[in-house]
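Observations on the model geometry
Single-letter residue listing:
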Amino acid sequence: MPHIKTKIERAKPEDVAALAKFGSATIHEAQGRLGALSSRIKPIDRNMSLCGPAFTVESSPRDNIMLQLAIHYALPGDVIVVSAGEYEEAGSFGDVLGNACLAKGIAGVVTDTGVRDTLQLIELGLPVFSLSVCIKGTVKETLGRVNADIIVGGEVIRPGDVICGDADGLVMVRKEDAAEVAKKSQAREDAEAGFIQAYKDGRTIIDVCNLEAVLKTKGLTTDL
């Protein structure tokens, strides 16, 4: 049934800002290897990154009327996340709608369908993550839902959950977990910085990662 919900509970701005400091892989690992969207959804430019509350859209393949409504209702800082049936052969978003997003302060767009006008979008600087790049146009016929729970990239995404993305991929964090995941992400980065320094100081991977006991249980000796 068509449905538009304009008011949603978003992750706290301070929690979004805290998560935005970390890469998608760090966040994914820090929250127990959860929340990674399909690796098929990629940024149109590897220098693009985004982090913000999800403003979710459910639309039909080759139809972008609901995406346009989402752009109208989204707030500054939101990431518009579109579920369109994982349909690659449509360019449902381009530079005209990209300019509309920028004018509203939208933080980025994630879609499981195609986009076009990628050179212009890259010049605009709007972060866009998509399943494909396709020049084929869309229609404006079928109503869907705005701000309902959707599935994108194999993950259930609720309105207001946090979406973070960079060159490595996309990860979703539940809005109620955002503060804790940010703390765990910092702890992971601190630990990794310690590993890197240990390697620079001349310690071995087996020593730093405590691999000797693990290898012995598998019947491998590291003695030379």
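Please refer to the structure higher up on the page.
Now for a look at the structure at hand. Only a predicted model underlies this, so the values are computations on that prediction, with no experimental measurement involved.

Thoughts on the pairing of strand 5 (residues 108-115)
When you tally the buried positions in strand 5, you get 8 out of 8 residues, the bulk of the element. Here strand 4 (residues 79-83) pairs with strand 5 via 4 bridges, running parallel. Counterpart to Ile80 in the pairing with strand 5 is Val109. The pairing of strand 5 with strand 6 (residues 128-133) spans 5 bridges and is parallel. Bridging across to strand 6, Thr111 finds its partner in Ser130.

A few points about helix 3 (residues 65-73)
Because each turn of an α-helix spans 3.6 residues, side chains separated by three or four positions in sequence point in the same direction. Of all the positions in helix 3, only Met66, Leu67, Ala70 and Ile71 are classed as buried. Buried residues of helix 3, viewed axially, fall in a sector of 145°; they line one side. Of the surrounding elements, those touching the buried residues of helix 3 are strand 1 (3-4), strand 3 (50-58), strand 4, helix 4 (95-104) and strand 7 (145-146).

Some details on the nonpolar core
Judged by nonpolar contacts, the single largest core of 23 residues is most densely connected at Phe55, Leu67, Ile71, Ile80, Phe93, Cys101 and Val128. At the level of secondary structure, the elements contributing two or more residues to this core comprise strand 3, helix 3, strand 4, helix 4 and strand 5. Among the elements that take part in this core, helix 3 stands out by supplying 4 residues, more than any other. If sequence neighbours within four positions are ignored, Cys101 has contacts with Ile71, Phe93, Ile106, Val109 and Leu126. Ile41, Val81, Val110 and Ile163 belong to the second largest nonpolar core, which has 15 residues in total.

Rules used in this analysis
Residues numbered from 1 in each chain as written. Predicted model: local features only at pLDDT ≥ 70, side-chain atom pairs only at ≥ 80, totals over all residues. Heavy atoms only, no water. Buried < 20%, exposed > 50% of the residue type's maximum accessible area, 1.4 Å probe, protein only. Helix = DSSP H or I, 4+ residues; strand = E, 2+ residues; numbered from the N terminus. Pairing = 2+ DSSP bridges. Arc of directions from axis to C-beta. Contact = heavy atoms within 4.5 Å. Core = buried A, V, L, I, M, F, W, Y, C linked by side-chain atoms within 4.5 Å.

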